[in-house]
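Residues per chain are reported as follows:
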Amino acid sequence: MSADTTTAHTPTIVLVGHGMVGQRFLEALADRGVTERARIVVLCEEPRPAYDRVQLTSYFSGKTAEDLSMVEAGFMEKHSIELYLGDPAESVDREARTVTARSGQVFAYDSLVLATGSYPFVPPVPGKDARGCFVYRTIEDLLAIEEYAKTATTGAVVGGGLLGLEAAGALKGLGLDTHVVEFAPRLMPVQVDEGGGAALLRTIERMGLSVHTGTGTQEVVTADGVVTGMKLSDGSELATDMVVFSAGVRPRDQLARDCGLDVGERGGIAVDEQCRTSDPAVFAIGECALATDGRVYGLVAPGYEMAQTVAAALADEAGDGFTGADMSTKLKLLGVDVASFGDAHGAAEGCLDVVYSDSRSGVYKKLVIDGEGRLLGGVLVGDAEQYGLLRPLTGSVPPVSPEQLVLPAGAGAPVALGPSALPDDAVICSCHNVTKHAIGQCESLAEVKKCTKAGTGCGSCVKVIEKLLPAPTDKGLCRCFSYNRSELYEIARALRVTSFAALLDSHGRDEAKGGEGCEVCKPTVGSILASLNNGYILDGEQASLQDTNDHFLANMQRNGSYSVVPRIPGGEITPDKLIVIGEVARDFGLYTKITGGQRIDLFGARVDQLPSIWTRLVDAGFESGHAYGKALRTVKSCVGQTWCRYGVQDSVKMAIQLELRYRGLRAPHKLKSAVSGCARECAEAQSKDFGIIATANGWNLYVGGNGGATPRHADLLAQDLSDAELVRLIDRFLMFYIRTADRLERTSTWLDRLEGGLDHLKDVVVHDSLGLCDELEALMAAHVEDYQDEWAQTLDDPDRLRRFVSFVNAPEAPDPSVRFIPERDQIKPDLTFLTLEGVTSR
């Protein structure tokens, strides 16, 4: 049955394949307004829209399929694009100009665009189809690998190229002893030379992976149809439970072959410079296309360029066409920076090499130059910091000598090369072909990404982009301080400053010294001093620094009343304590609500009632839940292995331990946490600032999540931790966040802003790259030792209690403006009675 309902005057464009290149093609059509005047049909084989295949391995670091998606919410609907998931094209009738999908639907087309990509090459060896053999290409492949790895101990990856090393990293991360088998004499033979391959090999072997180069796979050994080992061409054998084939890809051109389109001798759909096939109505883009230079491009940037070329052709725009593309690439494989650009292997006649190699640190750099000093290409392993500057200089004579470009600081003259040395037409972002000039028209990184898409692909250009943008004129916290929050934290810590006045007088702007500060710096410095000194926040000068909520140790509500939130660690509470909360709510006429963080809020208390309410709660064993502060709120938990048949660890016990450890910890913003007792994730740990998920081997720690207005899944920081290891890493993470984050910056925003991101965070708090960990642990230990409940401290001091009155001149009088009306057997604020600036309105 035909699904075609178009009329003669409405052209139809059918896109076969919805990967990264296919989605870029759709965006290019939308940018040119083609989606407004044509019907767009997309046939997608996979069960989900386009996702970032370049970042596929990050799925094993905590990213979800949604995180990897490349389709903005509402994009298809906004542009009236018909997307058919799990319904690939089965055949093309070029004479009738129709495409038949697997479902049987038939779509007529005016223009057909093939973006079918590639398929993994599996060597034709015995046993290749046995149970335990996988390819590494899609999210479904990763899901299958992850599931099978639960019962495996050893894995072998066939292929030591880009994807092969990513697959090896994934298997190692899943806890398997991992082997890499590469037929070529070195790893990554396409990208790096012999020296680079040797440096990469040494570094990877130090990580505990076993590498077998110069040998091929002869047979996958099986028993009862299940993988048990491998036989290699050098006569050796490997015992392994699992084999992942990542030995390269081949263009998916069968659909083109079946309908009679021209294909290359070694595969690939032959196209011209406009990416047209031998049929003018049919185009091919991405990894399935054979370009005019006889090459099938396996990188995303050339595919994007092809997508733009076809979109321009369909929009009747003049263009240069696609004649070839830059094959430069920069990746981080198993934590190792690897980059190559230009003529990396020195194939040009008469070229010369400039090489720096340090086998101790695993750093290898080679630049290829011609006889006139022009930079032709290069290889960088272990340190690819200069890649973003070197690649755009390819084909020109660098402004400094090649030796300066490869030698580390201290080993030779310092490199005097920055982005300003690049010409305006230098391509900074090769993924989206964005020049230095285009970036210079923007004011911020966010604007660059929005207007040009630069920095949204592989991300290797972001550091250079940031250096090209205008520097902020003033990074100061406010009009009183020229320092930002993290700098003020370090000043207060190093100089042991204990008061706001002292900090303002010693490090404030000249015009602010001797003043009272402002609404920005006072609570910020108050939080810093509370983090460092652990004192009672309402004593002396500290009281004047606090926000309204902290000032009364309770949350002010919209009618001037307050809510009281006692701490219930891990959500665990006894019947007796539940009864006390109920009695307090009943006796003081409070509204009660169970929160998403496994606590009970008591709303509607007048300020003069707070001490009486606290007394009842403290006597029953409760303490402040710090719902009013920029501090730890809750550590949520599921019931864990104690009760749940799926649980593998005691999540309640761990949640209670963590909440009691970090209670009262003052931070730049509120902190939330959760502990899930198994991978079913009932506590929603990956939406928290720090979340913990139990595994059979311990705990996985996730950081930087946020379930608020801008949701962000947390990233995996470390896995299979013991109780002690987990607590130690959380100590370090929290204190590093507290000392480096900006004012009112959630951990999610902080982690996205942190230079180097998650990798840098791991280096600091896991590997102690800055030598800070002892200090961070000591700061947390001091907090834990000095912690005191602020409610109890207030109740024990008559002077402190005097502030909790509605009117200073009439301490016993309640505030008449705090009124309530009944609703659903409880109370709610009476908002018909408001006092604003002395004017009463009804």
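Since this is a predicted model, take the numbers as computed values, not measurements.

### Notes on the overall build of the chain
Okay, so step 1: A count of helical and extended segments in the chain gives 27 helices and 40 strands.
Okay, so step 2: By principal-axis analysis of the C-alpha atoms, the chain measures approximately 95 × 70 × 60 Å.
Okay, so step 3: Out of the 842 residues in the chain, the part that is buried amounts to 52%.
Okay, so step 4: Considering only intrachain contacts with a sequence separation of at least 6, the fraction spanning at least 24 residues in the chain is 61%.
Okay, so step 5: For the chain, the accessible area works out to roughly 37500 Å², and carbon and sulfur atoms hold 49% of it.
Okay, so step 6: Each charge class in the chain was averaged separately, 82 positive and 115 negative side chains, and the resulting centres sit 4 Å apart.

### Some points on the sheet that holds strand β15 (residues 237-239)
Okay, so step 1: In spatial order, the strands read β13-β14-β15; together these three strands make up an open sheet with antiparallel pairing. Of all the strands in the sheet, just β13 (217-223) and β15 have a single pairing partner and so form its edges. Strand-to-strand twist across the sheet, computed as the mean angle between neighbouring axes with direction ignored, equals 25 degrees.
Okay, so step 2: Here three bridges tie strand β14 (residues 226-232) to β15, and the two strands are oriented antiparallel to one another. Bridge pairing in β15 places G229 opposite A239.

### Details of the packing of aromatic side chains
Okay, so step 1: For the structure shown, the criterion picks out 14 aromatic pairs.
Okay, so step 2: Site record: aromatic cluster; members linked through ring pairs are F552, Y562, W614, W791 and F804.
Okay, so step 3: Here the basic side chain of R680 rests over the ring of Y646, its NZ or CZ set 3.8 Å away from the ring centre.
Okay, so step 4: In this structure, R800 packs its charged tip against the face of Y536, placed 3.9 Å from the ring centre.

### Brief notes about the confidence of the model for the chain
Okay, so step 1: In this model, the chain carries an average pLDDT of 88, and 94% of its residues clear a pLDDT of 70 or more.
Okay, so step 2: Contacts of residues 412-416 to residues separated by more than four positions or lying in other chains number eight contacts, the stretch itself having pLDDT below 50.
Okay, so step 3: Overall, residues 834-842 carries pLDDT values under 50, and its contacts beyond four positions in sequence, including any with other chains, amount to eleven contacts.

### Points about the sheet that holds strand β5 (residues 98-101)
Okay, so step 1: Across the sheet, which stays open at both edges, the three strands sit in the order β4-β5-β6 with antiparallel pairing between neighbours. Each edge of the open sheet is held by one strand with a lone partner, namely β4 (89-93) and β6 (106-108). Neighbour to neighbour, the strand axes of the sheet diverge by 20 degrees on average, direction disregarded.
Okay, so step 2: Of the strand pairs in this sheet, β5 and β6 are connected by three bridges, and their pairing is antiparallel. By the bridge assignment, T98 is partnered in β6 with A108.

### A word on the nonpolar core
Okay, so step 1: Membership of the largest hydrophobic core comes to 93 residues, with the highest contact counts inside it found for F25, L114 and I285.
Okay, so step 2: If one sorts the elements of this core by residue count, helix α8 (residues 300-314) sits on top with eight residues.
Okay, so step 3: Excluding residues within four positions of it along the chain, F25 makes contact with I13, L15, V113, I285, A307, V310, A311 and L314.
Okay, so step 4: Counting residues in each nonpolar core, the second largest holds 61 residues, with F500, Y662, I730 and W750 among its members.

### Some points on the packing of helix α22 (residues 723-740) against helix α25 (residues 773-786)
Okay, so step 1: Running from amino to carboxyl end, α22 crosses α25 at an angle of 90 degrees, the nearest separation of the two axes being 8 Å. One way to sum up the angle between α22 and α25 is to call them roughly perpendicular. Between α22, through R728, D731, R732, L734, M735, F736 and R739, and α25, the contact on the second element is made entirely by C773, E775, L776, E777, L779 and M780.

### Some words on the environment of A108
Okay, so step 1: Note on placement: A108 falls in strand β6.
Okay, so step 2: Considering only alpha carbons, one finds A108 and A96, twelve residues apart in sequence, at a separation of 7.8 Å.

### Let's talk about the pattern of salt bridges
Okay, so step 1: Tallied over the full model, the rule gives 43 salt bridges.
Okay, so step 2: With its nearest N and O atoms 3.3 Å apart, the salt bridge here joins R24 to E27. Placement of both R24 and E27 in helix α1 (residues 20-31) is noted, with a separation of three residues, approximately one turn of the helix.
Okay, so step 3: Residue classification places E27 among the buried positions, given a relative accessible area of 15%.
Okay, so step 4: For D370, the salt bridge identified is with R374, shortest N-O distance 3.0 Å.
Okay, so step 5: In this structure, a network of salt bridges that share partners links the residues E490, R493, R739 and E775.

### Quick notes on helix α5 (residues 162-173)
Residue pairs spaced three or four apart in an α-helix point in one direction, given the helix's 3.6 residues per turn.
Okay, so step 1: Between its terminal C-alpha atoms α5 stretches 17 Å, which fits the 16 Å expected from twelve residues at 1.5 Å a residue.
Okay, so step 2: Turning to α5, its buried residues number three or more, namely L162, G164, L165, E166, A167, A168, A170 and L171.
Okay, so step 3: G175, located one to two residues past α5, shows a positive phi value of around 95 degrees.

### Side note on the pairing of strand β16 (residues 242-245)
Okay, so step 1: Because side chains alternate across β16, one face comprises the buried residues M242 and V244, and the other comprises V243 and F245, equally buried.
Okay, so step 2: Sheet topology note: the strand β9 (residues 133-135)/β16 ladder contains three bridges and is parallel. Residue pairing in the sheet places C133 in a bridge with V243 of β16.
Okay, so step 3: Note: strand β10 (residues 154-158) against β16, four bridges, orientation parallel.

### As for the side chain of T634
Okay, so step 1: Positionally, T634 belongs in strand β32 (residues 632-637).
Okay, so step 2: Residues in contact with T634, not counting those within four places in the same chain, are G597, R599, E659, L671, K672 and S673.

### Focus: helix α15 (residues 500-507)
Okay, so step 1: Within α15 the residues assigned to the buried category are F500, L503, L504 and H507. Angularly, the buried residues of α15 cover 100 degrees about the axis, an arc narrow enough to put them on a single face.
Okay, so step 2: Looking at the buried positions of α15, the neighbouring elements they touch are α14 (485-495), α16 (521-533) and α17 (541-545).

### Comments concerning the packing of α14 against α16
The description of two helices packed together rests on the angle between their axes and the distance between the axes.
Okay, so step 1: For the pair α14 and α16, interaxial distance at closest approach is 10 Å and the crossing angle is 45 degrees. Taken together, the axis directions place α14 and α16 in an arrangement best described as oblique. In the packing of α14 onto α16, the handedness of the crossing is right-handed. For the pair α14 and α16, contact is made by R485, L488, Y489, A492 and R493 and by T524, V525, I528, S531 and L532, respectively.

### Notes on the environment of G104
Okay, so step 1: Mapped onto the elements, G104 comes out in the loop between β5 and β6.
Okay, so step 2: Note on G104: relative accessible area 31%, which makes it partly exposed.

What counts and what doesn't
Residues numbered from 1 in each chain as written. Predicted model: local features only at pLDDT ≥ 70, side-chain atom pairs only at ≥ 80, totals over all residues. Heavy atoms only, no water. Helix = DSSP H or I, 4+ residues; strand = E, 2+ residues; numbered from the N terminus. Buried < 20%, exposed > 50% of the residue type's maximum accessible area, 1.4 Å probe, protein only. Contact = heavy atoms within 4.5 Å. Areas by Shrake-Rupley, 256 points an atom, 1.4 Å probe, with all protein chains shown as cover. Lys, Arg positive; Asp, Glu negative; His and termini not counted. Charge placed at Lys NZ, Arg CZ, Asp CG, Glu CD. Pairing = 2+ DSSP bridges. Axes fitted to C-alpha atoms, helices over the stretch in contact; angles between N-to-C directions. Phe/Tyr/Trp six-rings, centres within 6.5 Å; stacked < 30°, edge-to-face > 60°. Lys NZ or Arg CZ within 6 Å of the ring centre and 35° of its normal. pLDDT = per-residue confidence, 0-100. Core = buried A, V, L, I, M, F, W, Y, C linked by side-chain atoms within 4.5 Å. Parallel < 35°, antiparallel > 145°, perpendicular 65-115°, else oblique. Salt bridge = Lys/Arg side-chain N within 4 Å of Asp/Glu carboxyl O. Expected span 1.5 Å × (residues − 1). Arc of directions from axis to C-beta. Left-handed = near helix turned anticlockwise from the far one by under 90°.

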